[in-house]
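What the coordinates show
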Amino acid sequence: MTTYGTIPTASAGATNLEYLTRAKQAIKTGLGTRQPWKLMFNLASFNFPHTISEATPRFKTNINYFRMNYAIIMLIILFLSLLWHPISLIVLGVLMAAWLFFYFLRDEPLVVFNRVIYDGVVLTVLAVVTIVSLLFTDATTNILSSVVVGVAVVVVHAVLRRTDDLCDDADVEAGGYAVGSSS
């Protein structure tokens with residue numbers, strides 16, 4: 001029997017393999033939008049700011065520049081604090097899927113009811129939902145301590161990391177902070 005003129009359909013195995021290939025590529029591309037870890041932890045780029053007025057632009061620039069890296073660091077610290085709470089880890093696993101879908105692997109801005117939701121709003125909402133959801137799993141002390149440790153790590157890095165060697169023309173053109181303004 002011939003089937004000339006019909007459109008061939010892919011088998012279920014081929015579509016699953018194709019889906020996994022696209023997901024793998026999306027993960028590589030999505031995590032590729034973070035800044036390189038070597039740049040983030042370049043020891044030659046660390047020093048103490050002389051004044052608060054010098055620390056403030058550093059903090060703002062580094063928070064914007066390393067935003068995805070800081071989110072990854074916070075989630076790793078949170079994960080490590082929950083190793084002995086299996087229910088919390090399950091909840092965190094589900095929330096990590098939401099983080100991947102809504103923040104790390106998005107190529108385009110999130111649009112809800114024909115309105116664009118900016119990355120900062122998505123990051124804030126996901127962080128609040130993650131913390132509140134995990135607080136319901138009876139690991140409150142671990143969660144709060146990991147959040148405090150994570151915020152401390154991020155703030156210390158953002159203040160101590162000089163910005164004179166950061167260069168991202170797309171951010172500067174988009175109205176971001178002029179990178180390289182502090183020494």
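In case you missed it, the structure is sitting above this.
Heads up: these notes are all about the structure in this document. Since the model is a prediction, treat every value here as computed from it, not as a measurement. (Residues numbered from 1 in each chain as written. Predicted model: local features only at pLDDT ≥ 70, side-chain atom pairs only at ≥ 80, totals over all residues. Heavy atoms only, no water.)

Re a nonpolar patch on the surface
Basically, it comes down to this: In this analysis, a patch consists of residues with relative accessible area above 30% that form no salt bridge, clustered at 9 Å for like charges and at 5 Å for the nonpolar side chains Val, Leu, Ile, Met, Phe, Trp and Tyr. Working definition of accessibility: Shrake-Rupley area with a 1.4 Å probe, residue cover restricted to the visible protein chains. What counts as a salt bridge is simple: a side-chain nitrogen of Lys or Arg found within 4 Å of a carboxyl oxygen of Asp or Glu. Secondary structure elements are taken from DSSP: a helix is a run of H or I of four residues or more, a strand is a run of E of two residues or more, and numbering for both begins at the N terminus. Only protein chains enter the calculation, and the probe is 1.4 Å; a residue is then buried if its accessible area is under 20% of its type maximum, exposed if over 50%, and partly exposed in between.
There is a patch of nonpolar side chains on the surface, built from V111, V116, Y118, V121, V125 and V129 and spanning about 540 Å² of accessible area. Top element by residues in the nonpolar patch is helix α6 (residues 119–135). It accounts for 3 residues. Mapped onto the secondary structure, V121 falls in helix α6. In this structure V121 comes out as partly exposed when scored by relative accessible area, which is 44%.

Focus: unusual backbone geometry
Even without being glycine, F113 reaches a positive phi, approximately 50 degrees. Mapped onto the fold, F113 is located in the loop between β1 (110–112) and β2 (115–117). A positive phi is found at N114, a non-glycine position, where the angle reads about 60 degrees. Residue N114 is classed as exposed on the basis of its relative accessible area, which comes to 80%.

A few points about helix α7 (residues 140–160)
Using the following cut-off: A helix's residues, less one, multiplied by 1.5 Å, set its expected span. Throughout, the arc means the angular range of directions from the helix axis out to the C-beta atoms. Here a residue-residue contact requires only that any non-hydrogen atoms of the pair lie within 4.5 Å.
In this model, α7 (21 residues) spans 30 Å end to end at C-alpha, consistent with the 30 Å of a helix rising 1.5 Å per residue. Of all the residues in α7, the buried ones are I143, S146, G150, V154, H157 and A158. For α7, the arc enclosing every buried residue in end-on projection is 95 degrees, short of the 170-degree limit, so these residues lie on one face. The outward face of α7, more than 90 degrees from its buried face, is lined by the exposed residues T141 and V148. Among the structural elements, α2 (37–40), α3 (52–65), α4 (67–81) and α6 are those in contact with the buried residues of α7.

Quick look at the nonpolar core
Put simply, the rule reads: Residues enter a nonpolar core if they are buried and are Ala, Val, Leu, Ile, Met, Phe, Trp, Tyr or Cys, with the set joined through side-chain atoms within 4.5 Å.
Listed in full, the 10 residues of the largest apolar core are L39, M40, Y65, F66, Y70, I73, I77, V154, A158 and L166. If you tally residues by element for this core, the top one is α4, at 3 residues. Residue contacts for V154: discarding those within four places in its chain leaves I63, Y70 and M74. Of all hydrophobic cores here, the second largest spans 9 residues; its members include A71, L75, Y103 and L126.

A short note on the pattern of salt bridges
Counted according to the given criterion, the structure contains 2 salt bridges. Across the pair D164 and R162 runs a salt bridge, and its minimum N-O distance is 3.3 Å. Given the relative accessible area of 37%, D164 is considered partly exposed.

Some words on the packing of aromatic side chains
For clarity, the cut-off: For Phe, Tyr and Trp, where Trp contributes only its six-membered ring, two rings pair if their centres lie within 6.5 Å, and the inter-plane angle classes them as stacked under 30 degrees, edge-to-face over 60, or tilted in between.
Counted under the stated rule, the structure contains 5 aromatic pairs. When the centroid spacing of 5.0 Å and the interplanar angle of 85 degrees are considered together, the rings of Y65 and F66 count as edge-to-face. Judged on exposure class, the residue Y65 and its partner F66 are both buried. One aromatic cluster in this structure is built from Y65, F66 and Y70.

Observations concerning the environment of F59
Here F59 is to be found in helix α3. For F59 and T163, which are 104 residues apart along the polypeptide, the C-alpha to C-alpha distance reads 9.2 Å. Each residue touching F59, except ones within four places of it in the same chain, is listed here: V155, A158 and V159.

What to know about the side chain of N62
Note the threshold: As used in this structure description, the phrase polar contact means that two N or O atoms lie within 3.5 Å; if the pair is within protein, one of them must be able to donate a hydrogen and the other to accept it, and residues adjacent in sequence are counted only when both atoms belong to side chains.
With respect to the helices and strands, the residue N62 is situated in helix α3. Engagement of the side chain of N62 in a polar contact is seen with the backbone oxygen of R161, the distance being 2.7 Å. The residues contacting N62, other than those within four sequence positions of it, are R67, Y70, H157, A158, R161, R162, T163 and L166.

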